[in-house]
Amino acid sequence: MEQNGEANLTAPLLQPNGSVAVDFPHESSQSDKKTRKVLLRIREIQCASCAASIESVVGDMKGVESISVSPLHGQAIIRYNPEFINAKRIKDAIEDLNFGVNEFTDQEIAVCRLRIKGMACTSCSESVERALLTVDGVKKAIVGLALEEAKIHFDPNITDSVHLIEAIEDAGFGADLISSGDDFNKVHLKVEGLNSSEDATIIKSYLEAVEGVNHIEIDEVSHKVIVAYDPDLTGPRSLIEHIQEAGHIPNIYHASLYTTTRVRETEQHHEITAYRNQFLWSCLFSVPVFMFSMVLPMFSPVGDWLSYKLYNNLTMGMLLRWVFCTPVQFIIGWRFYVGSYHALRRGSSNMDVLVALGTNAAYFYSVYTVIKALTSESFEGQDFFETSSMLISFILLGKYLEVVAKGKTSDALAKLTELAPDTATLLSLNVDGNVISETEISTQLLQRNDVIKIVPGSKVPVDGVVIRGQSHVNESMITGEAKAVAKRTGDKVIGGTVNENGCILVKATHVGSETALSQIVQLVEAAQLARAPVQKLADKISRFFVPMVVVAAFITWLGWFIPGETHLYPRSWIPKAMDGFELALQFGISVLVVACPCALGLATPTAVMVATGKGASQGVLIKGGNALEKAHKVKAVVFDKTGTLTIGRPAVVQIKNFSKISLQELCKLAAAAEVNSEHPLAKAVIEHSKKLHQQYGFSDDHLLEAKDFEVHPGAGVGASIGDKRVLVGNKRLMLAFQVPISLEIQDYVSDMEHLARTCVLVAVDAVVCGAFAVSDPLKPEAGRVVSFLNSMSISSIMVTGDNWATATAIAREVGIEKVFAETDPVGKAERIKDLQMEGLTVAMVGDGINDSPALVAADVGMAIGAGTDIAIEAADIVLIKSNLEDVITAIDLSRKTLARIRLNYVWALGYNVLGMPIAAGILYPFTGIRLPPWLAGACMAASSLSVVCSSLLLQSYKKPLQVQDAQGRGDYSNYV
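Per an unreviewed UniProt entry, the chain goes by the name P-type Cu(+) transporter and belongs to Ensete ventricosum. Its UniProt record gives the chain the following Subcellular location (unreviewed entry) comment, quoted word for word: "Membrane". Checking UniProt for the chain, the heading Sequence similarities (unreviewed entry) contains the comment "Belongs to the cation transport ATPase (P-type) (TC 3.A.3) family. Type IB subfamily."

In structure tokens, the structure reads:
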């Protein structure tokens, strides 16, 4: 991360995901905070009378605070209190007056995340998506099978998270709220002494008086208070103090943070425990059935008692197997019945349907044999109780191992969330900045502008800026950077990093969900939820997979039963104590239970989860499966020059004066014109002018005021300073304003450009008065990265707004052959499109606002982490530590991941393609080998587990390029 002083401290280091469009207004009036606005487009408004009738009817509705209807534009703006009415009721009221409401515009879109329980395969996740999309007001729903989460975009005027959860439960799945879009700055408090509605009213009135409080929820039963607040105005510590101030004898309130336990980890643990316990209970009954059926009869006389006839042909062994199998079938296996019922009710099918069909066929046929044996003296048949019980046991074992393995796919993300320390040392300072007291508090209680002390060896709790002291901070856990970074007064520090050798005082600038660490976690979670295009293959197959398997099982049964009855195959093929029907039934059941749709559904999401988590731990944030899939196809990487190939901190190395104007005056005019520019070259000119003022002690060192400031993209700036018109920029700017350039100036510019220096010309009143030669050193790893890309058969291209000579010199130094120079931001995007027209998949690597059009136009946009927020928002991949070697890491990781996904599909599909024919008995006539149903069930469980374990192998991913540089990778402070 860059060290850039105290500038822009209010901007987050990484922007949040931007998908949440619901904000709390910041007006101080509490009534305004509860008011929402909706803009409706209304048809058939003929005149002011129509508008008046709509205003009259809607205005009288309870909860509507104001309405304004424009007959000219056919629009209505309504402000209302959502506690009493919603936008849909307002829309219905207008339609009852025989006016059409075309659309909602300026809709508020809220986002919530739900934990989904009970999903087993892709068919389940699709069913949840369909159920959510049928809810009125839902705009978009994404369901992640491996993550077991859903992210829903909805109109809060029409529906809410409660209705969404009800829709999921109606579809036969469980759901819990993880977070809603307005949770961005919320604090959950536990309040002792909150026992009645009177207490709730007192606490609410005190909190509403606090500036910055947006919304309050009070639950008297659980003694909890949830407060949404503006972190610029207040914070959790202040809110706790106000609640405790509200207490008075006999009602004394004590508020403390209510930290919800890590729900995901807790639920994973419960799920693992549940499957383990179910498997153990199943074994308790299944092992005796297996012993009575397969083992003891082989050892005479030990097992002879099992053949003892109780009544007619009903034996002791048959009765015991029935007794022990029944609890497994109907109590332990009840979950398969429930899953099958809900799947069939919603018109789909899943793994539960296959298991229920297979086990029921085996169990009820076995019951039939028991009844026949009980009622007949001559009936001889074999029961399959061991098939039913062992099948359920093996499937539960497979699910147990699968959930254990799936839990490990998010290990990298879990480690990121654990980086921030639990406590921090808060300092109280007097007006002179001296420390008055130290207090150890929970990190969650820190507020913006708090001053905290970081001692050697401790972790930085939140993002901030160093205000006193100096040290070296190990940022490897966030950026992957092995070398400790020097930090001194004015430098930024990141929450979760480790202070190594000095004591520093840090002023908190970003706390809670605004810290870089929190935003990295949010980006990775969003990426893991996003569905990769390659997942579409599994989605298509899942729609017809289970019905196809059922048909195949029925055909298998017929294919063995009919030839057996008509004696088309030898009687010797039928095992002893079986008949043709029973042999056919076993083959049919084996086909049912050997097929595994789960492995197909897990092939992509588990690999994406591991890859995005691993990438984040290595300093590469990949925003979803789509970016991951596209990156592996990249054949050309386009680099911006300034701040990407170069360090991005250009410095003036020479000044040339071409007029009688003094050097001091030249610098002052140039700095005044550039002061409003964000370009790195402008900052270099300003910084150099300040240094000259300090070095030579100019008496008049204040900055001149610039008026009529104009930016000319890709060329420079212009401004009026006093009575002078000043232009600062390149030759293109001078030619555009018809400023003559003498031969002497042209020779100087040419000489500098051949030295890879950029010339910034300064013209005063249409006369070039001087030039600043600016040099921006190359990043030490640039040449190695370009060379490595060439070895990967990826071409490197440079695009820059700089002049051709400087661009060519830089390109030659790093080994880039193709260059586009003197290109404005729109031109960069056009160059990208030209390359795409040639059939190339293009990645763009940039850092600035001027790169954002190209980042969007490229197939894969990669933003340098130290770049601007706009560039980071526009990119598909964020390189946190601003090191070019991570361009290679991102591409290589995507290639490895896609290769792993393909391998998963080959395994999952190959398993089903090979397993089903073997289960159907294709080898039996030739080899005598058949797959008993209980063994087929074990194979099905093993296939899902193997796919998850295959994805977990990505945890061992190593970077292909590790640049070892004497200066220290990524530490460019010596160049400033």
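Peer 1: Explain a nonpolar patch on the surface to me, please; I cannot follow it from the model alone.
Peer 2: Together, Tyr 308, Leu 310, Tyr 311 and Leu 374 make up an exposed nonpolar region whose accessible area comes to about 430 Å². Topologically, Leu 374 is positioned in helix H11 (residues 351–375).

Peer 1: Quick question: what am I supposed to make of the nonpolar core here?
Peer 2: As a rule of thumb, soluble globular proteins bury nonpolar side chains together. In terms of nonpolar packing, the biggest core is built from 120 residues, with Ile 152, Val 637, Phe 639 and Ile 877 touching the most fellow members. Among the elements that line this core, the one with the most residues is helix H30 (residues 885–919), at 11 residues. Beyond its immediate chain neighbours, meaning those up to four positions away, Ile 152 contacts Ala 110, Val 111, Cys 112, Leu 114, Leu 132, Val 138, Lys 140, Ala 141 and Leu 164. Within the second largest apolar cluster, 37 residues are counted, among which are Leu 207, Val 210, Ala 255 and Val 466.

Peer 1: Explain the sheet that holds strand E10 (residues 213–219) here, please?
Peer 2: Backbone hydrogen bonds hold the strands of a sheet together, and the pairing may be parallel or antiparallel. Taken together, the 4 strands give an open sheet; going across it, the order is E10-E11-E9-E12, and neighbouring strands pair in antiparallel fashion. Looking at strand neighbours, the two that pair on one side only are E10 and strand E12 (254–257), the edges of this open sheet. Put simply, the sheet's adjacent strands are angled 25° from each other on average, direction ignored. Bridge count between E10 and strand E11 (residues 224–229): 6 bridges; the pairing is antiparallel. Paired with Asp 219 across the two strands is Lys 224, which belongs to E11. Sheet strands in contact with helix H7 (residues 236–246) are strand E9 (186–192), E10, E11 and E12, and its direction is about 160° off that of E12.

Peer 1: Which parts of the structure should I look at to understand the packing of helix H9 (residues 316–332) against helix H10 (residues 334–345)?
Peer 2: Any two packed helices are characterised by how steeply their axes cross, that is the angle between the axes, and by the distance between the axes. Relative orientation of the contacting elements H9 and H10 amounts to 40°, with a least axis distance of 4 Å. Regarding the angle of H9 to H10, the classification is oblique. On H10, the residues that touch Gln 329, Phe 330, Ile 331 and Ile 332 of H9 are Trp 334, Arg 335 and Tyr 337.

Peer 1: What should I look at first to understand a negative patch on the surface in this one?
Peer 2: Together, Asp 160, Glu 166, Glu 169 and Asp 170 give the surface a local cluster of negative charge. Residue placement: Glu 166 occurs in helix H5 (residues 161–170). Glu 166 sits in the partly exposed class, given a relative accessible area of 40%.

Peer 1: Would you mind going over unusual backbone geometry with me for this structure?
Peer 2: Trans is the common state for peptide bonds, and a negative phi is the common state for residues other than glycine. At Asn 312, a position not held by glycine, the phi torsion is positive, near 50°. We note that Gln 738 has phi near 55°; this positive angle belongs to a residue other than glycine. By the element assignment, Gln 738 lies in the loop between helix H23 (731–736) and helix H24 (743–754).

Peer 1: Can you walk me through the sheet that holds strand E32 (residues 795–799) in this structure?
Peer 2: With respect to topology, 7 strands assemble into an open sheet ordered E24-E36-E35-E34-E25-E32-E33, the strand pairing being mixed. Either end of the sheet is taken by a strand with one partner, and the two such strands are strand E24 (620–622) and strand E33 (818–820). Mean inter-strand twist for the sheet, computed between neighbouring axes without regard to direction, equals 20°. Relative to strand E36 (residues 877–879), strand E35 (residues 860–864) runs parallel, the two sharing 3 bridges. Residue pairing for E36: Met 862 is matched across the bridge by Ile 877. Most of the contacts of helix H27 (residues 825–837) go to strand E34 (residues 842–846), to which it runs at about 160°, and overall it touches strand E25 (636–640), E32, E33 and E34.

Peer 1: Mind showing me how you'd approach the environment of Gln 244 here?
Peer 2: Along the chain, Gln 244 falls in helix H7. Measuring from C-alpha to C-alpha, the distance between Gln 244 and His 254 comes to 5.8 Å, with 10 residues separating the pair along the chain. Leave out the neighbours within four places in its chain, and Gln 244 touches Tyr 253, His 254 and Ala 255.

Here is what the cut-offs are and how they apply
- Residues numbered from 1 in each chain as written.
- Predicted model: local features only at pLDDT ≥ 70, side-chain atom pairs only at ≥ 80, totals over all residues.
- Heavy atoms only, no water.
- UniProt positions renumbered as here; feature names shortened; annotations may be inferred.
- Patch = residues over 30% accessible without salt bridge, like charges linked within 9 Å, V, L, I, M, F, W, Y side chains within 5 Å.
- Areas by Shrake-Rupley, 256 points an atom, 1.4 Å probe, with all protein chains shown as cover.
- Salt bridge = Lys/Arg side-chain N within 4 Å of Asp/Glu carboxyl O.
- Helix = DSSP H or I, 4+ residues; strand = E, 2+ residues; numbered from the N terminus.
- Core = buried A, V, L, I, M, F, W, Y, C linked by side-chain atoms within 4.5 Å.
- Buried < 20%, exposed > 50% of the residue type's maximum accessible area, 1.4 Å probe, protein only.
- Contact = heavy atoms within 4.5 Å.
- Pairing = 2+ DSSP bridges.
- Axes fitted to C-alpha atoms, helices over the stretch in contact; angles between N-to-C directions.
- Parallel < 35°, antiparallel > 145°, perpendicular 65-115°, else oblique.
- Lys, Arg positive; Asp, Glu negative; His and termini not counted.
- Charge placed at Lys NZ, Arg CZ, Asp CG, Glu CD.

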